[in-house]
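# Survey of secondary and tertiary structure
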Amino acid sequence: MATVAWIGLGHMGTPMTANLIKNGHTVHGYDLNPEALDLAAAHGVIPVASIAEAVRGADAVFTMLPKGEHVLAVYQGADGVFAHAETSTLLVDSSTIDMDSAALLHSSARERGFRFVDAPVSGGTSGAALGTLTFMIGGEPDAVDTAAGIIEAMSGNIIRTGRATSGQAAKICNNMMLLINLAACSEGAVLAGRLGLDPKVFWKVASVSSADSWALRTWYPVPGIVETSAANNGFAPTFTADLANKDIGLALRAGESTNTPLPTATIVAAQLQELIDTGLGGRDCSLIIKHIDPAVG
Ligand code: NAD
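Note that the coordinates shown come from a computational prediction; the quantities given were computed from them, not determined experimentally. (Residues numbered from 1 in each chain as written. Predicted model: local features only at pLDDT ≥ 70, side-chain atom pairs only at ≥ 80, totals over all residues. Heavy atoms only, no water.)

If you tally the helices and strands in the chain, you get 13 helices and nine strands. Taking the principal axes of the C-alpha coordinates as reference, the chain spans close to 60 × 45 × 35 Å. Here the chain holds 297 residues, and 52% of them are scored as buried. Across the chain, contacts joining residues at least 24 apart in sequence account for 62% of those joining residues at least 6 apart. (Helix = DSSP H or I, 4+ residues; strand = E, 2+ residues; numbered from the N terminus. Buried < 20%, exposed > 50% of the residue type's maximum accessible area, 1.4 Å probe, protein only. Contact = heavy atoms within 4.5 Å.)

As structure tokens, then:
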């Protein structure tokens, strides 16, 4: 069993650490937000007051932070992971971040003698709670194997994507497709309602027909249909519009750098940006349905 330093105990980090603990690992957790730390402590995380304290004696460090800038600060800062961890400690970043920051983290870790993997996840807060997340892991094979031994406790699928940063590449493409699917669910749901269909009956049709998707089965943006949908809780966040906009922005930047046109993602990005511009960035990203039916939410 491993001793894990976990940095970032938000919507994902908290249920992920709960599964590590259920499987016998020890977790020392750190978060800037004291309420997040209290919540994690309630399911067995040992709360600590600094990154230095978290990484002391750890077999592995996991980071689950919002954006590349937060991850860089946590690893590279004077009070950060590189400054305080032993080089024998495996470093795992499970946040979804941009390719450049991921590449910089790999090279900075290598220069300092650390093993580092990028290991972003898919499956949402429901997958995190059930321990069924898909992890996509990029890096040197021996580091990936060591990471997989700990990740098992939180995952349904562990996919070795290849070289350094390939996990982030897979995640960026996956989330672009997810958010396009979510926008498609929003348009379909509103149109179905206006054509007089019972929302449950239409969802049943779509879920066993060619419109099926993970977004349809997990995040359908209409209340009372899918248990895990944020629509059931007034669009309280499971994955904020801010973070969804970050992810589709990562795809658009990757599109620019590879000369890949992404016209549909561009439209969805504008819809998420509109949520943010109207003060709704902290709500769940499935509130994108508001773009089709302004009365929702
Ligand atoms: P979140 O905002 O709920 O949690 C992030 C946590 O990091 C917060 O508790 C915040 O206080 C903490 N934090 C920020 N800066 C910090 C710092 N410098 N030191 C310590 N703690 C710090 O976000 P989340 O929804 O848990 O997502 C985390 C990452 O996982 C993101 O990159 C997101 O894109 C990705 N992700 C989210 C989901 C989802 O459904 N929520 C699914 C897959 C992947």
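Another point: the site of the ligand. The environment of the ligand is made up of 25 residues, and the closest members are His11, Met12, Asp31, Thr238 and Lys246. One nitrogen or oxygen atom from the side chain of Asp31 is found 2.6 Å from an oxygen atom belonging to the ligand. Considering the ligand on its own, with 840 Å² of exposed area, one finds that the protein chains cover 88% of that surface. Of all elements in the fold, only α7 (124-130) and α12 (241-257) reach the threshold of two or more residues within the shell around the ligand. Taken domain by domain, the makeup of the shell around the ligand includes at least three residues from each of domain 1 (3-162) and domain 2 (169-291). (Near = heavy atom within 4 Å. Polar contact = N/O pair within 3.5 Å; in protein donor to acceptor, adjacent residues only side chain to side chain. Areas by Shrake-Rupley, 256 points an atom, 1.4 Å probe, with all protein chains shown as cover. Domains from an automatic or database assignment.)

Along strand β4 (residues 60-63), one buried face is formed by Ala60 and Phe62 and the opposite face, lined by Val61 and Thr63, is buried too. Two elements, β4 and strand β5 (residues 90-93), share four bridges in a ladder whose sense is parallel. Looking at the pairing, Thr63 lines up with Asp93 of β5. (Pairing = 2+ DSSP bridges.)

Along its sequence, the chain is organised into domain 1 (3-162) and domain 2 (169-291). Its C-alpha centre places domain 1 at a distance of 27 Å from the equivalent point of domain 2. Contacts between the two partners involve 16 residues from domain 1, matched on the other side by 15 residues from domain 2. When the two sides are added together, the surface that domain 1 and domain 2 hide from each other amounts to roughly 1,300 Å², 69% of it contributed by carbon and sulfur. (Buried area = accessible area lost by both parts, 1.4 Å probe.)

Bringing the packing of aromatic side chains into the picture now. Applying the stated criterion to the full structure yields six aromatic pairs. An angle of 80° between the planes, with centres 5.7 Å apart, marks the rings of Tyr75 and Phe116 as edge-to-face. One end of the pair, Tyr75, is in helix α4 (residues 68-76); the other, Phe116, is in strand β6 (residues 116-118), and 41 residues separate them in sequence. Tyr75 gets classed as buried once you look at its relative accessible area, which sits at 0%. Among the residues examined, Phe116 registers a relative accessible area of 7% and is labelled buried. Between Trp214 and Trp219, the ring centres sit 5.0 Å apart and the planes meet at 75°, which makes this aromatic pair edge-to-face. Grouping aromatic residues by their ring pairs yields a cluster made of Tyr75, Phe82, Phe114 and Phe116. (Phe/Tyr/Trp six-rings, centres within 6.5 Å; stacked < 30°, edge-to-face > 60°.)

With that settled, consider the environment of Leu250. Mapped onto the elements, Leu250 comes out in helix α12. Using a relative accessible area of 7% as the deciding quantity, one classes Leu250 as buried. The spacing of Leu250 and Ala58 is 192 residues in sequence and 31 Å in space, taken between C-alpha atoms. The contact partners of Leu250, leaving out residues within four places of it in the chain, are Thr96, Ile97, Asp98 and Ile172.

Moving on, we get to the packing of α12 against helix α13 (residues 263-277). Look at α12 against α13: their axes get within 9 Å of each other, and the N-to-C directions meet at 150°. Taken as axis vectors, α12 and α13 run roughly antiparallel relative to one another. Every pair of crossing elements has a handedness; the one defined by α12 and α13 is left-handed. Here Ala241, Asp242, Ala244, Asn245, Ile248 and Leu252 of α12 come into contact with α13, specifically with Ala265, Thr266, Val268, Ala269, Leu272, Gln273, Leu275 and Ile276. A per-class count over the contact of α12 with α13 returns 10 nonpolar, three polar and one charged. (Axes fitted to C-alpha atoms, helices over the stretch in contact; angles between N-to-C directions. Parallel < 35°, antiparallel > 145°, perpendicular 65-115°, else oblique. Left-handed = near helix turned anticlockwise from the far one by under 90°. Nonpolar A, V, L, I, M, F, W, Y, C, P; charged D, E, K, R; others polar.)

Turning our eyes to something else, we now look at α4. Residues lying three or four places apart along an α-helix face the same way, a consequence of the helix completing one turn every 3.6 residues. Of all the residues in α4, the buried ones are Gly68, Val71, Leu72, Val74 and Tyr75. When α4 is viewed along its axis, its buried side chains cluster within an angular range of 165° and face the same direction. (Arc of directions from axis to C-beta.)

Here we come to helix α1 (residues 13-22). Along α1, eight of the 10 residues are buried, which leaves the element largely enclosed by surrounding structure. Looking only at α1, the buried set comprises Gly13, Thr14, Pro15, Met16, Thr17, Ala18, Asn19 and Leu20. Residue Gly24 follows α1 closely and has a positive phi angle near 95°.

The next point concerns unusual backbone geometry. In this model, Thr165 sits at a positive phi of 80°, which is unusual for a non-glycine residue. As for its position among the elements, Thr165 is in the loop between β9 (155-162) and α9 (166-194). For Asn259, which is not glycine, the phi dihedral falls at a positive 55°. Take Asn259: it is sitting in the loop between α12 and α13.

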